[in-house]
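Okay, here's what each chain looks like letter by letter:
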Amino acid sequence: MRRDYSRGWRRARARVLDGARICHLCGGFLDYDAPARSKWAPSVDHVLPLKATRYMADELREAYRLDASNLRPAHYGCNARRQAGKPVRQHVSRAWSKATKKEG
Ligand SMILES: [Zn+2]
C-alpha cells in the first residue's frame, strides 16, 4: 500500500465523519463511544462500492476511493453488511439529509 494512499484516506475519512451523526444506510445515530469495528461504531461507506471499481484504471479507482462525493458516514455494522453483498436500502434517509444540511 502506498504511503500517500493511507494519508489521503485518513484525511478523506476525517472529513466525512466531521460532524456526521447519522448512518446513511439505516438512518440511525452513529456511536462515537462504541469500540472500533463494533456494530454501531462510525465508519465511511463508499456509495459506489470499491468492488465495482476493480476493472477501472488505478487513477480512477483512487478517485472513487477518496472522493468525498463517493463517501458517506455509516455504522461499521451496516457498512460490513453492505460489503458482504446483503441488500441495504439505497436511498438517503430523510434524517441523514437533514443532519448534513449546513446550519445558520
Ligand atoms: Zn446503520
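All of the points below concern the structure found in this document.

**A closer look at the overall build of the protein**
- Assigned secondary structure in the protein consists of four helices and two strands.
- Mapped from its N terminus to its C terminus, the protein presents α and β elements in the order α-β-α-β-α-α.
- Residues classed as buried in the protein amount to 19% of the 104 residues present.

**Observations concerning helix α3 (residues 76-83)**
- The complete set of buried residues in α3 reads Y76, C78 and N79. Each buried residue of α3 lies within a common arc of 165° when the element is viewed along its axis, so the set occupies one face.
- Those residues of α3 that are buried lie in contact with β1 (42-46) and β2 (71-75).

**Comments concerning the nonpolar core**
- Counting six residues, the largest nonpolar core is built from I22, C23, L25, L30, A74 and C78.
- Look past the residues within four positions of A74 in its chain and what remains in contact with it is C23, H24, L25, S43, D45 and N79.

**Topic: the pairing of β2**
- Most of β2 sits inside the fold, with five of its five residues counted as buried.
- Residues L71, P73 and H75 of β2 are buried on one face, and the alternating residues R72 and A74, pointing to the opposite face, are buried as well.
- Looking at chain direction, β1 and β2 are connected through five bridges and run antiparallel. Bridge pairing in β2 links V44 to P73.

**As for the pairing of β1**
- Among the five residues of β1, five are classified as buried, and the element is accordingly described as predominantly covered.
- On β1, burial covers both faces: P42, V44 and H46 on one face and S43 and D45 on the other are all buried.

**Observations regarding the environment of H75**
- For H75, the position within the fold is in strand β2.
- On the basis of neighbour count, H75 is assigned to the buried category, with 25 C-beta atoms found within 10 Å.
- Placed 51 residues apart in sequence, H75 and H24 show a C-alpha to C-alpha distance of 8.3 Å.

Calculation rules
Residues numbered from 1 in each chain as written. Predicted model: local features only at pLDDT ≥ 70, side-chain atom pairs only at ≥ 80, totals over all residues. Helix = DSSP H or I, 4+ residues; strand = E, 2+ residues; numbered from the N terminus. Buried ≥ 20, exposed ≤ 12 C-beta atoms within 10 Å, placed from the backbone. Arc of directions from axis to C-beta. Contact = placed C-beta atoms within 7 Å. Core = buried A, V, L, I, M, F, W, Y, C linked by C-beta atoms within 7 Å. Pairing = 2+ DSSP bridges.

These figures capture arrangement, not role.
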